[in-house]
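Reading the structure
One letter stands for each residue in the lines below.
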Amino acid sequence: MTQAKAVSATVSNGLSRRNVLSAAFGAAATAAAVNAMNIPAKAASATASTAGASGTEGAKTMGSRITTRDGVEIYYKDWGPKDGPVVVLSHGWPLSSDSWEAQAFHLAANGFRVITHDRRGHGRSSQPWDGNDMDHYADDLADLINALDLKGIFLAGFSTGGGEISRYIGRHGTSRVAKAGLISAVPPLMVKTDKNPGGLPKEVFDGLQAASLKDRSKLYRDIASGPFFGFNRPGAVASQGMIDSFWLQGMTGGHKNTYDSIVAFSQTDFTEDLKTFDVPTLIIHGDDDQIVPIDAAARASKTLVPHAELKVYAGAPHGITDTHKDQLNADLLAFAKA
C-alpha cells in the first residue's frame with residue numbers, strides 16, 4: 001500500500017491512537033550523535049529581563065509583551081546581556097517559546113542577547129479568532145523586532161517557526177537580519193501537490209485537524225510519545241518529562257489558533273520566500289524526522305538557498321531542540337559566532 005493510501009485508510013477508520021501518526025510521518029532510522037555542552041561559569045548570572053520600547057510605529061511594548069498593529073498581545077522573553085549580539089528564535093506547533101529554553105540559555109550564557117516569543121494564539125500570547133496564518137505570524141514578528149529595535153539578528157526558526165522566519169524575510173527583507181537558521185523546518189512546502197510530489201497527502205493534515213477537534217489533549221500526548229521525539233522507534237527510551245512539556249505547551253495554546261495553524265504550517269508555500277534569502281543560512285535537520293521528512297524540507301530548501309550550509313543529524317527525530325540539544329547548542333553557537 002502506498003503512503004497516501006495508508007494514511008487515507010487510517011484517517012477514514014477514525015484516527016486510531018498512534019496509527020495515523022505513524023502512517024503520516026515516516027522516515028529512516030540510524031544512530032544518534034550528541035556533543036558535550038560547554039557552558040561557562042558566568043551562566044549562573046544570566047537572567048531573564050524585559051526590554052523597553054523604541055517608539056516604533058505599529059506596535060508598543062508593555063514589559064515582556066508587545067501589542068501588535070492589530071491589537072494582539074505577543075509575549076516574549078529577553079535573555080542575556082542587552083548589549084550582546086542578537087539571536088531571535090521562533091518556535092514550532094503547537095508549542096511556545098519554552099521549547100527553545102535549552103538553546104536560549106546556552107546562547108545567552110555565551111554572551112548573546114536571545115529573544116524568544118510565543119506566536120499569536122500560542123503560549124502566553126493572546127488568542128485572536130482570526131489571523132492564524134503565516135502572513136500575520138511574520139508581521140507579528142516584524143512588530144516585535146521593530147518595537148525592540150533589534151538589528152544584526154541571527155534569526156532562526158524550528159519547524160513551523162522556520163516557516164514564520166521565511167515569510168518574515170519574504171515580506172520584510174533582511175535589513176535587520178545578519179544570518180538565518182532553519183531547524184527541522186517546514187519550508188518549502190509540506191503538503192503534496194503536483195509541483196511538490198514529495199510532500200505529505202492533504203489527508204494527513206485533515207486528519208490532524210479532525211483529531212484536534214475530537215480530543216486535542218490526546219493528540220498532543222500521542223504526537224509527543226510517538227513520532228515527534230522518535231519514541232516510537234525500536235529501542236527508544238521515552239522521556240516522560242519531554243512528553244509532559246510538549247503536552248503542557250500545546251494545551252496552553254488556543255484551541256482555534258492551534259487548529260488553524262495546522263493549515264498554516266502544512267499548506268503555505270515558502271518557495272518564493274526562500275529565494276529572497278541573501279544572508280548566511282544554516283539548515284539543520286534529522287534524517288529520521290517523521291514529522292517533516294528531510295527530503296521534502298531541508299534538502300529541498302537547500303536547492304532554493306544554494307549558499308546555505310546543510311547539517312544532517314544522523315538518526316535524529318523532529319524534536320532535536322530536546323533530543324539533540326547539546327549538538328544543536330554547539331552548532332547554533334558556532335554559526336552565531338562565525
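Definitions and cut-offs
- Residues numbered from 1 in each chain as written.
- Predicted model: local features only at pLDDT ≥ 70, side-chain atom pairs only at ≥ 80, totals over all residues.
- Heavy atoms only, no water.
- Phe/Tyr/Trp six-rings, centres within 6.5 Å; stacked < 30°, edge-to-face > 60°.
- Helix = DSSP H or I, 4+ residues; strand = E, 2+ residues; numbered from the N terminus.
- Lys NZ or Arg CZ within 6 Å of the ring centre and 35° of its normal.
- Axes fitted to C-alpha atoms, helices over the stretch in contact; angles between N-to-C directions.
- Parallel < 35°, antiparallel > 145°, perpendicular 65-115°, else oblique.
- Left-handed = near helix turned anticlockwise from the far one by under 90°.
- Contact = heavy atoms within 4.5 Å.
- Nonpolar A, V, L, I, M, F, W, Y, C, P; charged D, E, K, R; others polar.
- Expected span 1.5 Å × (residues − 1).
- Buried < 20%, exposed > 50% of the residue type's maximum accessible area, 1.4 Å probe, protein only.
- Polar contact = N/O pair within 3.5 Å; in protein donor to acceptor, adjacent residues only side chain to side chain.
- Pairing = 2+ DSSP bridges.
- Right-handed = clockwise from strand over helix to strand, strands pointing away.
- pLDDT = per-residue confidence, 0-100.

Here we look at the packing of aromatic side chains
Throughout the structure, instances matching the rule amount to eleven aromatic pairs. Their ring planes at 85 degrees and their centres at 6.4 Å tell us that W100 and F158 sit as a pair that is edge-to-face. Here W100, found in the loop between β5 (86-90) and α3 (101-109), pairs with F158, found in strand β7 (residues 153-158); they are 58 residues apart in sequence, far enough to count as distant. Taking NZ or CZ as reference, K179 lies 5.4 Å from the ring centre of F335, over its face.

Some points on the packing of α3 against helix α12 (residues 325-337)
Here α3 crosses α12 at 45 degrees, and the two axes come no closer than 10 Å. Put simply, α3 runs oblique to α12. Along this stretch, α3 crosses α12, giving a crossing that reads as right-handed. Here A102, Q103, H106 and L107 of α3 lie close against α12, whose contacting residues are K325, L328, N329, A330, L332 and L333. For the contact of α3 with α12, the per-class residue count stands at six nonpolar, three polar and one charged.

What about helix α4 (residues 134-147)?
In this model α4 runs 20 Å from its N-terminal to its C-terminal C-alpha over 14 residues, within 8% of the 20 Å that 1.5 Å per residue would give. Burial analysis of α4 places eleven of its 14 residues in the buried class, which makes it a mostly covered element. Along α4, the positions that sit buried rather than exposed are M134, Y137, A138, D139, D140, L141, A142, D143, L144, I145 and A147. The backbone nitrogen of D135 has a side-chain oxygen 3.2 Å away, supplied by the residue at the start of α4, namely D133. Following α4 by one or two positions, D149 adopts a phi angle in the positive range, close to 50 degrees.

Details of the environment of A109
On the secondary structure map, A109 appears in helix α3. For the pair A109 and G80, spaced 29 residues apart in the sequence, the C-alpha separation amounts to 6.7 Å.

Some words on the pairing of strand β9 (residues 281-286)
In summary, the side chains of a regular strand alternate between the two faces of the sheet. Along β9, six of the six residues are buried, which leaves the element largely enclosed by surrounding structure. In β9, alternate side chains face the same way, and those of T281, I283 and H285 on one face and L282, I284 and G286 on the other are all buried. Where strand β8 (residues 177-183) lies against β9, four bridges are found, and the strand directions are parallel. When the bridges of β9 are listed, L182 appears paired with I283. Summarising the sheet, β9 and strand β10 (residues 309-313) pair through five bridges and their orientation is parallel. The residue bridging I284 from the neighbouring strand is K311, located in β10. Crossover handedness for the path β9 to helix α10 (residues 295-304) to β10: right-handed.

Examining the confidence of the model for the chain
Detailed reading of predicted coordinates is not advised where the pLDDT is low. Averaged over all residues, the pLDDT of the chain is 87; the fraction at 70 or higher stands at 82%. When pLDDT is averaged over each element of the chain, β7 comes out on top at 99 and strand β1 (residues 48-49) at the bottom at 36. Throughout residues 1-56 the model reports pLDDT below 50, and contacts reaching past four residues in sequence, or to other chains, amount to 113 contacts.

Structural notes on unusual backbone geometry
In this structure, the amide linkage connecting W93 to the following residue, P94, adopts the cis form with an omega of -10 degrees. Of note, P94 is situated in the loop between β5 and α3. Here P187 and P188 are connected by a cis peptide whose omega angle stands at 5 degrees. Position of P188 relative to the elements: it lies in the loop between β8 and α6 (202-225). The backbone of S159 shows a phi angle near 55 degrees, a positive value even though the residue is not glycine. A relative accessible area of 7% places S159 in the buried class. Even without glycine at this site, S184 takes up a positive phi of about 50 degrees. The exposure class assigned to S184 is buried, which follows from its relative accessible area of 0%.

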